[in-house]
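# Tertiary structure, described
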Amino acid sequence: MRRSVPDFGVHPRPILILPSTGAEAIVTEPAATNESEVLVRTSGEERIPERLYEQLLDSTSNLVLIETPFPTELIAHLRLMAQRRGHSIYAWNQETGLASLREHGITVAGSKRLSEALRFALQTGHFGVYIFPAERSEFTPQVLALMRQIARAKEGGDKRVVVMGVALDVPSPLDRLAHVIKHRHGPSERLRLRDGRWIRG
């Protein structure tokens, strides 16, 4: 039987989300367009950037935008973090609303609409990470207004709302209010000197 009960408890730190192993360490580089942007890189078989979850928790904004080529793998990684650490992490979709990644079958009642789920995240004073897909069609004026409130909120618990997708197309000023993580996979495009020659990687 599905239980529609928010899974709140005493946790070391609240988080709101919108999903490592590898042969090479990632490179974290500042992005050029926004002081709150960072570029993280993976290569080879690695799919999840090292310490990505910690970067979410350390963000100075409650709103985090993640552009990644592997959203499914990232959701799976966050599910693992929820189960291992006991953190309250939820993922949203239109069919179930906010669903716990820590406990199967636990959903938040009245959260099937994106605006309702965001309002819940904004108003709760409890720890939580809430993950939402970066679907431009869902960015109604009401949704954008709630996201701006979340990004600017200073009280109401330590939380993170994460908007994640393969390609981010977020209207201003959300892109300036949020902490942006851009994940790239493959060799770096930067030139470096090796054996007297400039190469990419």
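Presented here is a report on the structure given in the accompanying data block. Since we're looking at a predicted model, the values are computed, not measured.

All right, on to helix α2 (residues 71–85) then. Along its 15 residues, α2 runs 21 Å from first to last C-alpha, staying within 8% of the 21 Å computed at 1.5 Å per residue. Those residues of α2 that fall on the buried side of the exposure criterion are Leu74, His77, Leu78, Met81 and Ala82. Each buried residue of α2 lies within a common arc of 145° when the element is viewed along its axis, so the set occupies one face. Along α2, exposed side chains directed more than 90 degrees from the buried face belong to Thr72 and Arg84. Contacts made by the buried residues of α2 are with α1 (52–58), β3 (63–67), β4 (89–93), β6 (128–133) and β7 (159–165).

This part covers the side chain of His183. Turning to its location among the elements, His183 is positioned in strand β8 (residues 179–185). Looking at His183, its side chain comes within polar contact range of the side chain of Thr42, at 2.8 Å. Separated by 2.9 Å, the side chains of His183 and Thr68 make a polar contact.

So, about the layout of surface pockets. Reported here for the largest pocket is a volume of approximately 240 Å³. Lining the largest pocket are 16 residues, and of these Arg79, Ala99, Ser100, Leu101 and His104 lie nearest its centre. Of all the elements in the fold, those that place two or more residues in the lining of the largest pocket are α2, β4 and β5 (97–100). Partitioned by chemical class, the residues of the lining of the largest pocket number 5 nonpolar, 7 polar and 4 charged.

Moving on to the pairing of β8. Consecutive residues of a regular strand have side chains that alternate between opposite faces of the sheet. Pairing of strand β2 (residues 37–42) with β8 involves 6 bridges; the strand directions are parallel. Residue pairing in the sheet places Val40 in a bridge with His183 of β8. For β3 and β8, the ladder comprises 4 bridges, and the chain directions are parallel. Note on β8: the bridge partner recorded for Leu65 is Val180.

Of all 7 residues making up β7, 7 are buried, and the element is well covered by its neighbours. Side chains of β7 alternate between two faces, with Lys159, Val161, Val163 and Gly165 and Arg160, Val162 and Met164 buried alike. Bridge count between β3 and β7: 5 bridges; the pairing is parallel. Residue pairing in the sheet places Leu65 in a bridge with Val163 of β7. Sheet topology note: the β6/β7 ladder contains 6 bridges and is parallel. By the bridge assignment for β7, Tyr130 is matched with Val161.

With that settled, the discussion passes to the side chain of Ser100. Tracing the backbone through its elements, the reader meets Ser100 in strand β5. A distance of 3.1 Å separates a polar atom in the side chain of Ser100 from the backbone nitrogen of Glu103.

Bringing the packing of aromatic side chains into the picture now. Two numbers describe a pair of aromatic rings. These are the distance of the centres and the angle of the planes. What the rule picks out here adds up to 3 aromatic pairs. Arranged with centres 5.3 Å apart and planes meeting at 10°, the rings of Tyr90 and Tyr130 form a pair that is stacked. With a gap of 40 residues between them, Tyr90 in strand β4 and Tyr130 in strand β6 connect regions that are remote in the sequence. Take Tyr90 and Tyr130: they sit in the same class, and that class is buried. Through pairs of rings, three or more aromatic residues link up here, namely Tyr90, Phe120 and Tyr130.

What counts, and at which threshold
- Residues numbered from 1 in each chain as written.
- Predicted model: local features only at pLDDT ≥ 70, side-chain atom pairs only at ≥ 80, totals over all residues.
- Heavy atoms only, no water.
- Helix = DSSP H or I, 4+ residues; strand = E, 2+ residues; numbered from the N terminus.
- Expected span 1.5 Å × (residues − 1).
- Buried < 20%, exposed > 50% of the residue type's maximum accessible area, 1.4 Å probe, protein only.
- Arc of directions from axis to C-beta.
- Contact = heavy atoms within 4.5 Å.
- Polar contact = N/O pair within 3.5 Å; in protein donor to acceptor, adjacent residues only side chain to side chain.
- 1 Å grid on protein atoms, 1.4 Å probe; cavity = no way out; pocket = protein on both sides within 12 Å on 5 of 7 lines; lining within 4 Å.
- Points joined across faces, edges and corners; volume = space filled by probe spheres on them.
- Nonpolar A, V, L, I, M, F, W, Y, C, P; charged D, E, K, R; others polar.
- Pairing = 2+ DSSP bridges.
- Phe/Tyr/Trp six-rings, centres within 6.5 Å; stacked < 30°, edge-to-face > 60°.

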